[in-house]
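# Breakdown of the fold
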Amino acid sequence: NAGVTQTPKFQVLKTGQSMTLQCAQDMNHEYMSWYRQDPGMGLRLIHYSVGAGITDQGEVPNGYNVSRSTTEDFPLRLLSAAPSQTSVYFCASSYGTSGYTDTQYFGPGTRLTVL
Amino acid sequence: KNQVEQSPQSLIILEGKNCTLQCNYTVSPFSNLRWYKQDTGRGPVSLTIMTFSENTKSNGRYTATLDADTKQSSLHITASQLSDSASYICVVSFGTASKLTFGTGTRLQVTL
């Protein structure tokens, strides 16, 4: 199993540009999520999905869109990039939808810089 | 507001020594507490998960303890190795997987 994969690893955008961060998992996990990690702060949840066709907002959803058309893929779209979105983005997945005690598996991250 | 505080912020120890990292939380209601290891430039990797009814959980040289009454947890690393150099993140859940509060981590450096 490849686990959770993310592309690209690095990306530089100009303010106002849009782009999609890709996330895929091959473990047949129902639950997938996107986090951002900023210096001096804990990971913060952007959006999450409990299964194909179902998504919901996390703590910091503004400026981001998601969709879940298949179990495997969960792309994150930046609609109009802003410098405040400069961060490291992590995708994660877990088997259960409740996540009560399910282990979350994280991808390697995408480091995004918005100029 | 749900918070997770970790201490120390950073720590340097000699290879072979033991160390203990601390985590205090104010999350309520409490569901479970997780410890993750994050190598530089990588995503976090789960070390342990404990529910409120568990007070200790081991994973090799890593042992996590939980005191749900005082809302404290610790991660003890035994016989440290250079590969233990990483950030260790405490995460507290107050419900489903979407209800996780992450600490800012303790940066551990193991030296020769």
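It should be noted that the structure appears before, not after, this text.
First things first, this report covers the structure right here in the doc. Owing to the predicted nature of the structure, the values given are computational and were not obtained by experimental measurement. (Residues numbered from 1 in each chain as written. Chains lettered and ligands numbered in written order. Predicted model: local features only at pLDDT ≥ 70, side-chain atom pairs only at ≥ 80, totals over all residues. Heavy atoms only, no water.)

### Things to note about the interface of chain B and chain A
What counts, and what does not: Two residues qualify as a contact provided that any one of their heavy atoms is within 4.5 Å of a heavy atom in the partner residue. Note: buried area is the sum, over both parts, of the accessible area (probe 1.4 Å) each one loses when the two are combined. Every case where a carboxyl oxygen of Asp or Glu lies within 4 Å of a side-chain nitrogen of Lys or Arg is listed as a salt bridge. Nitrogen and oxygen atoms within 3.5 Å of one another constitute a polar contact, given that in protein one can donate a hydrogen and the other can accept it, and given that sequence-neighbouring residues count only through two side-chain atoms. Secondary structure counts use DSSP, requiring at least four H or I residues in a row for a helix and at least two E residues in a row for a strand, with both numbered from the N terminus. Put simply, Ala, Val, Leu, Ile, Met, Phe, Trp, Tyr, Cys and Pro go in the nonpolar bin, Asp, Glu, Lys and Arg in the charged bin, and everything else, Gly too, in the polar bin.
Counting residues at the interface gives 22 residues for chain B and 20 residues for chain A. When chain B packs against chain A, the two sides together hide about 1600 Å² of surface, and 58% of this comes from carbon and sulfur. Across the chain B-chain A interface, the total number found is zero salt bridges. Where chain B packs against chain A, one counts two residue pairs in polar contact (both at pLDDT 80 or more). Broken down by secondary-structure element, the contributors of at least two residues to the side of chain B that touches chain A are β4 (32-38), β5 (45-51) and β10 (100-102) of chain B. Each residue belonging to the side of chain B that touches chain A can be placed in one class, and the counts come to eight nonpolar, 12 polar and two charged.

### Thoughts on the sheet that holds strand β3 (residues 19-25) of chain A
All names here are of chain A. Heads up, the rule is: Strands pair, by our definition, only if DSSP identifies at least two bridges between them. Axis definition: a line fitted to C-alpha atoms, over the contacting stretch in the case of helices. Angles run 0 to 180 degrees between N-to-C directions.
The strand order across the open sheet formed by four strands is β1-β3-β8-β7, and the pairing between neighbours is antiparallel. Edge positions in the sheet fall to β1 (4-7) and β7 (64-66), since each of these pairs with one other strand and no more. Between one strand axis and the next, the sheet turns through 20° on average, direction left out of account.

### Overview of the packing of aromatic side chains
Quick note on the threshold: Aromatic pairing here means that ring centres of Phe, Tyr or Trp (its six-membered ring) are within 6.5 Å. Orientation follows from the plane angle: under 30 degrees is stacked, over 60 is edge-to-face, and everything else is tilted. Burial classes follow relative accessibility: with a 1.4 Å probe on protein chains only, a residue under 20% of its type's maximum area counts as buried, one over 50% as exposed, and anything between as partly exposed. Two conditions define a charge sitting above a ring: the NZ of Lys or the CZ of Arg must be within 6 Å of the ring centre, and it must be within 35 degrees of the ring normal.
For the structure on display, the rule yields seven aromatic pairs over all chains. Between Y35 of chain A and F102 of chain B the ring centres are 5.1 Å apart and the planes differ by 70°, which places this aromatic pair in the edge-to-face class. In this pair, Y35 of chain A sits in strand β4 (residues 31-37) while F102 of chain B sits in strand β10, so the two residues belong to two different chains. Classification of Y35 of chain A by relative accessible area gives buried; the value is 1%. One aromatic cluster is present, formed by Y35 and F106 of chain A together with Y36 and F102 of chain B through successive ring pairs. Sitting above the plane of the F74 of chain A ring, R68 of chain A keeps its charged end 6.0 Å from the centroid.

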